[in-house]
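Single-letter residue listing:
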Amino acid sequence: MTDFRFQADSLTCSGIPLDQIGNQYGTPVFIYSAQVLERNISVLKSAFETRGIHVSYAMKANSNIAILEMMQRAGFGVDIVSGGELYLAQAAGFEGNDISFAGMGKTRREMEAALEANVAQFNVESAFELEMLNEAATKSGKRPEILLRLNPDIDAQTHPKITTGLRENKFGMPPEEVFQHFVDREKYPSLDFTGIHCHIGSQILKPLPFMDLVDYLVNYTGNLGKAGARLTKVDLGGGFGVDYKTPFRDILETTPFLGEIAEYASEKLGHYQLYIQPGRVLVANTAILLTQVIGLKHNDLKTFIVVDGAMTDMLRPSLYGAYHALIPTRKRSGKMTVDVVGPVCETGDYFAHDREISTVLPNDFIALGSAGAYGYVMASTYNARPFAPEILIQTDGTVKTIRKRQTYADFLALNS
Ligand code: LLP
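Residues numbered from 1 in each chain as written. Predicted model: local features only at pLDDT ≥ 70, side-chain atom pairs only at ≥ 80, totals over all residues. Heavy atoms only, no water.

A.B. asks: I'm lost on the nonpolar core in this one. Help?
C.D. replies: Considering soluble globular proteins, one finds that nonpolar side chains tend to be buried as a cluster. If you look at the biggest cluster of nonpolar residues, it comprises 106 residues, and the most contacted ones within it are F48, M71, I196 and I305. Among the elements that take part in this core, helix α8 (residues 208-226) stands out by supplying seven residues, more than any other. Not counting the four nearest positions on each side in its chain, I305 is found in contact with V293, G295, L296, M336, V338, D339, V340, V341, I357, V360 and I366. Grouped together as the second largest cluster of nonpolar side chains are 17 residues, F4, L290, I327 and F365 included. (Core = buried A, V, L, I, M, F, W, Y, C linked by side-chain atoms within 4.5 Å. Buried < 20%, exposed > 50% of the residue type's maximum accessible area, 1.4 Å probe, protein only. Helix = DSSP H or I, 4+ residues; strand = E, 2+ residues; numbered from the N terminus. Contact = heavy atoms within 4.5 Å.)

A.B. asks: Explain the pairing of strand β6 (residues 77-80) here, please?
C.D. replies: Side chains on a regular strand alternate between the two faces of the sheet. Burial along β6 is two-sided: the face carrying G77 and D79 and the face carrying V78 and I80 are both buried. Relative to β6, strand β5 (residues 53-58) runs parallel, the two being bridged by three bridges. Paired with Y57 across the two strands is V78, which belongs to β6. For the handedness criterion, the β-α-β arrangement of β5, helix α3 (residues 65-73) and β6 is classed as right-handed. In this sheet, strand β7 (residues 99-101) lies alongside β6 in parallel orientation, the contact comprising three bridges. The residue of β7 that forms the bridge with I80 is F101. (Pairing = 2+ DSSP bridges. Right-handed = clockwise from strand over helix to strand, strands pointing away.)

A.B. asks: Explanation requested: the site of the ligand in the structure shown.
C.D. replies: Not every one of the 18 residues close to the ligand is listed here, only the nearest: S202, Q277, R316, Y320 and Y374. A distance of 2.6 Å is found between an oxygen atom of the ligand and a side-chain nitrogen or oxygen belonging to Y374. In isolation the ligand has 580 Å² of accessible area, and contact with the protein removes 91% of it. Judged by its atoms lying within 2 Å of the grid points, the ligand is housed in the largest pocket. Looking at side-chain class alone, the shell around the ligand contains six nonpolar, seven polar and five charged residues. When residues of the shell around the ligand are sorted by domain, at least three fall in each of domain 1 (4-32 + 285-413) and domain 2 (35-284). (Near = heavy atom within 4 Å. Polar contact = N/O pair within 3.5 Å; in protein donor to acceptor, adjacent residues only side chain to side chain. Areas by Shrake-Rupley, 256 points an atom, 1.4 Å probe, with all protein chains shown as cover. 1 Å grid on protein atoms, 1.4 Å probe; cavity = no way out; pocket = protein on both sides within 12 Å on 5 of 7 lines; lining within 4 Å. Sits in = over half its atoms within 2 Å of the grid points. Nonpolar A, V, L, I, M, F, W, Y, C, P; charged D, E, K, R; others polar. Domains from an automatic or database assignment.)

A.B. asks: So what exactly am I meant to see when it comes to empty space enclosed by the protein here?
C.D. replies: If a probe the size of a water molecule is rolled over the atoms, the empty space left behind becomes visible. Throughout the structure, instances matching the rule amount to two cavities of 30 Å³ or more. Empty space within the largest cavity amounts to approximately 80 Å³. The wall of the largest cavity is formed by 14 residues, among which V242, D243, R249, T254 and N285 lie closest to the centre. Of the residues assigned to the lining of the largest cavity, the class counts are five nonpolar, six polar and three charged. By volume, the second largest cavity amounts to about 50 Å³. Forming the boundary of the second largest cavity are F48, I53, F210, L213, V214, L236, F240, I261, A265 and I276. (Points joined across faces, edges and corners; volume = space filled by probe spheres on them.)

A.B. asks: How should I be thinking about the pattern of salt bridges in this particular structure?
C.D. replies: Side-chain pairs of opposite charge can arise whenever the charged atoms involved come near each other. Scanning all chains against the criterion turns up 17 salt bridges. K106 is the salt-bridge partner of E129, the closest N and O atoms lying 2.5 Å from each other. Taken together, the residues E129 in helix α6 (residues 127-140) and K106 in the loop between β7 and α5 (108-116) connect sequence positions 23 residues apart. Using a relative accessible area of 0% as the deciding quantity, one classes E129 as buried. Here D339 ties to K302 by a salt bridge, and the two come within 3.1 Å at their closest N and O atoms. Remark: K302 occurs in the loop between β13 (287-298) and β14 (303-307) and D339 occurs in strand β16 (residues 335-341); sequence separation between them is 37 residues. Bridged by salt links that share partners, the residues R108, E112 and E135 form one connected network. (Salt bridge = Lys/Arg side-chain N within 4 Å of Asp/Glu carboxyl O.)

Listed below in structure tokens is the structure:
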């Protein structure tokens, strides 16, 4: 199912031409489909929740309050990685009980805020964090549940910058160390050691790494149990990928194996309360970034299409060399091979190199696909470019601004 489609040569969302939104709200602008988000939520619910695996949305992928509220209404928990995310999660209506706190460098102040909010679990990534959290918990008179993040050294077969489960990565702790902490848990009387957490990477498009993870954990948790640990929870992390080449593809066409993974995990580890923490798969295909062509320039090697969106709005191409589809919103005949670049004073400010797209003219709009995850949240105001607005096309077809464009005056708001 997709809500973004061509109608009469014009790209639309819920039947509304994107050009119309571009003209009305200005560009660059993020445009979200509530229908696609509802679809993704319902697919994850039926794959996982029906098998007793609780979905905890990794809000780092997109923390717009309207999106968070939809996740909250769906009954999902939320996975946070900072005090700021805690604040937003609470603003969206999540209770402490719905929140798990991951992140490999929690500050003392963030720990205190999370204890105060009674977050359900802390996913702990290092020995120093155990010390700090134990101290903070003792002081607060609470005894939080903790899951130790284990780095299982499983290759997620994805982009090196978003692989997290290898020994060389900074995340988690080696299996031997996690084991030892469980053995030594009496050293931390204010922490309730309840489980294991793993996250092997992101943008994973094959079921096998997850099956390997489950197999690994069956063995590992079994050994921990034999050593006397009383585990009740296993968190398998997130990482399900999306199809950046075909951005309007349905979630089940790209990741048809979600149910299979859930089945496998619940069969093998169902004696624990299981969790997953998906981010990208829930939100990436729900949005496009709409940008307008400022002009075209040519040299003997290239044609550059200069658009008003930039790395400040969508950093992924610049940071990871990531591919995002570029779809001119109006069908014209002919094709051109171009570099699509933003106005920022950086060579790295580009959306595509040597990409064949259908012909565009100045003032045409181009939609950058799969912009709902790691888009707005990674934006910056470099070159004093305001944050773009976010527009939601609701399921009843009405258009709602879910975040306004930042103004120039906002740039001065924090000055003193
Ligand atoms: N859980 C943990 C502990 C994580 O570190 C992450 C992502 C997730 C869950 C959610 O992963 P997802 O389901 O979204 O793959 N900015 C990069 C992605 C960084 C992911 C970091 N951790 C990108 O734009 O590709």
